[in-house]
Amino acid sequence: MIGDSLLMPALQGVHLSRSFGEGETKTTVLHDVSIELFSGQITLLMGPSGSGKSTLLAILSGLLHPDGGRVMALGHDLWAMSDLERERFRLRHCGFIFQGYNLFNALTARQQLEMVMRWGEGATPRDARRRADEMLALLGLAKKAHLRPTEMSGGEKQRVAIGRALIKEPNFCFADEPTSALDWHVGQHVIELLRSAAHDRGATVLVVAHDARIIEHVDRVIHMEDGRLWQQEEREPVLHTIKQTR
Amino acid sequence: MASYSLTTLWYERQRYVPGVLAVAFSALLIALQCGLLLGLFSITSIPIDHTQADVWMGASEVSSVDLGRPIPESAQARMGVLPEIESCEPYLQGFAFWSKPNNGGSELCMVIGSRLLPNSLGKIDKLTDEQCGMLAEEGTVIIDKSDEKKLGVEVYKKAEISGQPVHVVSMTRGLPSLAGPYVLCSINTARKLLPVQKGETTTYILGRCKNRQDAPRVVEKLKATYKDVSAFTQADFSLRTQLHWLLRTKAGIALGYAAALGLLVGAVVTSQTLYAATIASLREYAVLRALGIPRWRIAGMVVSESFWIGIIGIALALPAAYGLAWAADRLMGVTVVSLPWWLQSSAAAVTLIMSLGSGLFALRSLRQIDPAMLLH
C-alpha cells in the first residue's frame, strides 16, 4: 500500500500554462509545463528571475489559477475545486514558507505558531501551546519562544516561519526563496529542516530558489527557463525510506 | 482571538492611539452633551426631586410639573383611602407675574405653595425650619439667591405677585431656575398669588407610602379608578417633566446633531486607523490565507481590535467626563452636568457600536489580501 502510494506522484501538474496581461502586453510565463512531485522527497526548482518558477509553485499550491492544464494533489483536481474547497485543502495539507518572514510584529514566536493551530485546526489554547512548544524545540528555538520578531535574528525568524508552515504536519510544503535573505550557514540549516520534513515525515517539499549551493541538500533538481522545464536531475533514488507516512 | 487583538493593540499602541482617542472623544462628547442637557433640564424637575412625596396626583394629561392645572382639593380623599398611603397633602404650583419694586418691570416666576412642617411632603428640602417658620405669616415668600438680581429685590424688601404684595423674608441657595425663578411660600399665600387656584382647589395631591416600593401600585390604582386625574411616581414624573422640556425646546435636535457629529468623527478616524493597521499587516495575513486560515478568522481579529479600541476609549472617556462634570459643578456651584448610570451606559453602548461598525467598515481592506502577492 505504501509502496503503491510512493510510486504515484503526490502532486502532479499536467500541461500547465499561465499568462499575465492582455493584448500587446500579454506575457506567457508558463508554457505547457508538466511536473510530478513525490512524497518524502525535497525538490528544488531552479531558474533565473522571470523563468516562471514562482508562478509554477503558486499554481501547484493552489494559490494562482492556471490558464490551462490541471493540478492533481493526493488524487484531487485542485483547480476543479471551489474556492472554499481549495482553501480547506490548503488548510489541511499545505504549508508555505516565503522569502520575507511575514511574522506578526506584535506576537511572540510561540504565538505565531499557536495562531495557526487555533485558527486553522481549532485547537484548544492548551493543545496549541503544547504543539507550538514542541515545534519550537524541534527547530532549536525552545528558549526563544517568548521573543518577538524584532528580538530575533533573520535565521531565527525564518525558522519560526518554517515552524508556522510545518506545525500542521502538512503533506505539502512549498518554500519560495526561503534562504535568499539569510547567510549560507543559516540557510543551510533552514534547508536541512525542510529536508527533514520530507525524509522524516514523508512530506512533499518543493523549494524554489536560485542559489546553487542548495542543490547538494535536495533529492531532485528541476531547472526552468523561459516558462519551460528543461532539465531534471535526480540526486538520490526517488524513493526514500519514510519513517512516517500520513 | 481576543488575546492576539489585545497583544497587537498594546505592542503597536502608537499605531492605534488615534483610533482610541477618537473613540474616547466620541464617548466624552456624547456623555457630556447629554449630561449637560440632563443637568440643565433637571432644574425643571426640582420641585419633584427636592420634595418628599412618593406619589404625585394632578389634572389629567399633565406633561410637566410646572403645567399643572387646578383640581379639587377634595381629591385628596381618593388617595387618602388607599391602604398603602401613610399621608397625603395638597401642593400648589403655577406661573405668576412678579412685579419688581419701584416699577422695575415684571418677571414670570414659579410660585410653589406647600405645607411647611418638618415632615411635610411638598416642602422643598432647601428650606430650613427657621425659614419655614418665617413663611407661616401670610404674604411672605422666599426666593433663591441666584434669582436675586433677576427679581430685583433683596431680603426684607417688598414686591408684588399678581398684584398682591409679597415680603421677601429669606433666601435659599442651590435652587436654580429655568423658566421662571422659584418663589416659595405657604399654601395660604400661594392661593392668593395664583389667580387660577380659586376656592378649594390645589395643583397636586402629594402622597407618601408606608412602603416606598408600593408607589407604582398606588399610581396604577389611581389611574385605573379615576380617569379625570393623572398619577405618577416621583421618578416617573421627574423624567416626564424633563423629557417635556427636552422636546418642547427642540434641544433634542441640537443634542442629536452634536452627538452624531462626534460619532461620525470617531467612526471615520477609528475606521481609518484599523484600515491602515490591517494594510500594514497585509503580508502576514496573506501567509495565513495561504495556509488556509479562513477569512472570517482574520475579519474576527480586526473586529475584535475595534471592540477593544471601543472599550479602551470608553474607559478613558468616562472618568474624564466625570472629572469635567465635577469641575463644572464646582465652578457653577450647582449641578451643571448630570451623569446618571443609564446615561453613561447608553453613551458607552452607542460608542461601542460605533467602534464595532468602524471595524466592520475597515474589513474592506481584507479584499486586498492575496497570498500570491508573497511570491517572487
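Figured I'd write up the structure that's included with this text. Computed from a predicted structure; not experimentally measured.

Let's shift gears to the overall build of chain A. For chain A, the helix and strand inventory stands at 7 helices and 10 strands. Expected size for 246 residues packed as a compact globule is a radius of gyration near 18 Å; at 18 Å, chain A falls within 12% of this value. Put simply, 70% of the contacts in chain A that link residues at least 6 apart link residues at least 24 apart.

Notably, D226 of chain A is not glycine yet its phi reads approximately 50°, a positive angle. Mapped onto the elements, D226 of chain A comes out in the loop between β9 (220-225) and β10 (228-234). Judged by C-beta crowding, with 14 C-beta atoms within 10 Å, D226 of chain A ranks as partly exposed. Phi is positive for Y156 of chain B, close to 75°, though the residue is something other than glycine. Turning to its location among the elements, Y156 of chain B is positioned in the loop between α6 (148-151) and β6 (158-161).

What follows deals with the packing of helix α12 (residues 295-332) of chain B against helix α13 (residues 341-362) of chain B. All names here are of chain B. Where α12 contacts α13, the two axes come as close as 8 Å, and the packing angle between them is 150°. Comparing their axes, α13 and α12 come out roughly antiparallel. In the packing of α12 onto α13, the handedness of the crossing is right-handed. Judged by residue contacts, V302, V303, E305, S306, F307, I309, G310, G313, I314 and L318 of α12 engage Q344, A348, T351, L352, S355, L356, S358, G359, L360 and A362 from α13. When grouped by side-chain class, the residues that make up the contact of α12 with α13 number 11 nonpolar, 8 polar and 1 charged.

Every contact between the two is made by 28 residues of chain A and, on the other side, 20 residues of chain B. Of all elements in the fold, only α2 (53-60), α3 (83-93), β6 (94-97) and α4 (109-121) of chain A reach the threshold of two or more residues within the side of chain A that touches chain B. The element best represented in the side of chain A that touches chain B is α4 of chain A, accounting for 5 residues. A breakdown of the residues in the side of chain A that touches chain B according to their chemical character gives 15 nonpolar, 8 polar and 5 charged.

Right, let's talk about the sheet that holds strand β2 (residues 27-37) of chain A for a bit. Residue and element names in this part refer to chain A. Overall, antiparallel pairing links the 4 strands, which are arranged β2-β1-β4-β5 in an open sheet. If you trace the sheet from one side to the other, it starts and ends with β2 and β5 (76-77), each paired once. Summarising the sheet, strand β1 (residues 11-20) and β2 pair through 7 bridges and their orientation is antiparallel. By the bridge assignment for β2, S19 is matched with T28.

All right, on to helix α8 (residues 215-225) of chain B then. Residues and elements named next belong to chain B. What α8 keeps buried is the set A215, V218, V219 and L222. Along α8, the residues classed as buried sweep out an arc of 100° about the axis, all on the same side. Among the exposed residues of α8, those oriented more than 90 degrees off its buried face are E220, A224 and T225. Residues of α8 that are buried make contact with β1 (55-59), α4 (76-80), β3 (85-99), β10 (204-209) and β11 (229-233).

Rules used throughout
Per-chain numbering applies: the sequence of each chain, read as written, is numbered from 1 onward. Chains and ligands are labelled sequentially in the order written, the chains with letters from A and the ligands with numbers from 1. Whole-chain, interface and lining totals are the exception, using all residues; otherwise, since this is a predicted model, local features are given only for residues with pLDDT of at least 70 and side-chain atom pairs are given and counted only at 80 or more. To qualify as a helix, a DSSP run of H or I must reach at least 4 residues; to qualify as a strand, a run of E must reach at least 2; elements of each kind are numbered from the N terminus. Each radius of gyration is computed over the set of C-alpha atoms, and the globule rule expresses the reference value as 2.2 Å times the number of residues to the power 0.38. Here, residue contact means that the backbone-derived C-beta atoms of the two residues sit within 7 Å. Put plainly, a residue is buried at 20 or more neighbouring C-beta atoms within 10 Å of its own, exposed at 12 or fewer, and partly exposed in between, counting only other residues' C-beta atoms, which are placed from the backbone. Here an axis means a line fitted to C-alpha atoms, over the contact stretch when the element is a helix, while the angle between two N-to-C directions is reported on a 0 to 180 degree scale. Angles below 35 degrees are treated as roughly parallel, those above 145 as roughly antiparallel, those between 65 and 115 as roughly perpendicular, and all remaining angles as oblique. The sense of a crossing depends on the near helix, which, turned anticlockwise from the far helix by less than a right angle, makes the crossing left-handed and, turned clockwise, makes it right-handed. All amino acids are sorted into three groups, where Ala, Val, Leu, Ile, Met, Phe, Trp, Tyr, Cys and Pro are nonpolar, Asp, Glu, Lys and Arg are charged, and the leftover types, Gly among them, are polar. Two strands qualify as a pair provided that DSSP identifies no fewer than 2 bridges between them. Throughout, the arc means that of the directions going from the helix axis to the C-beta atoms.

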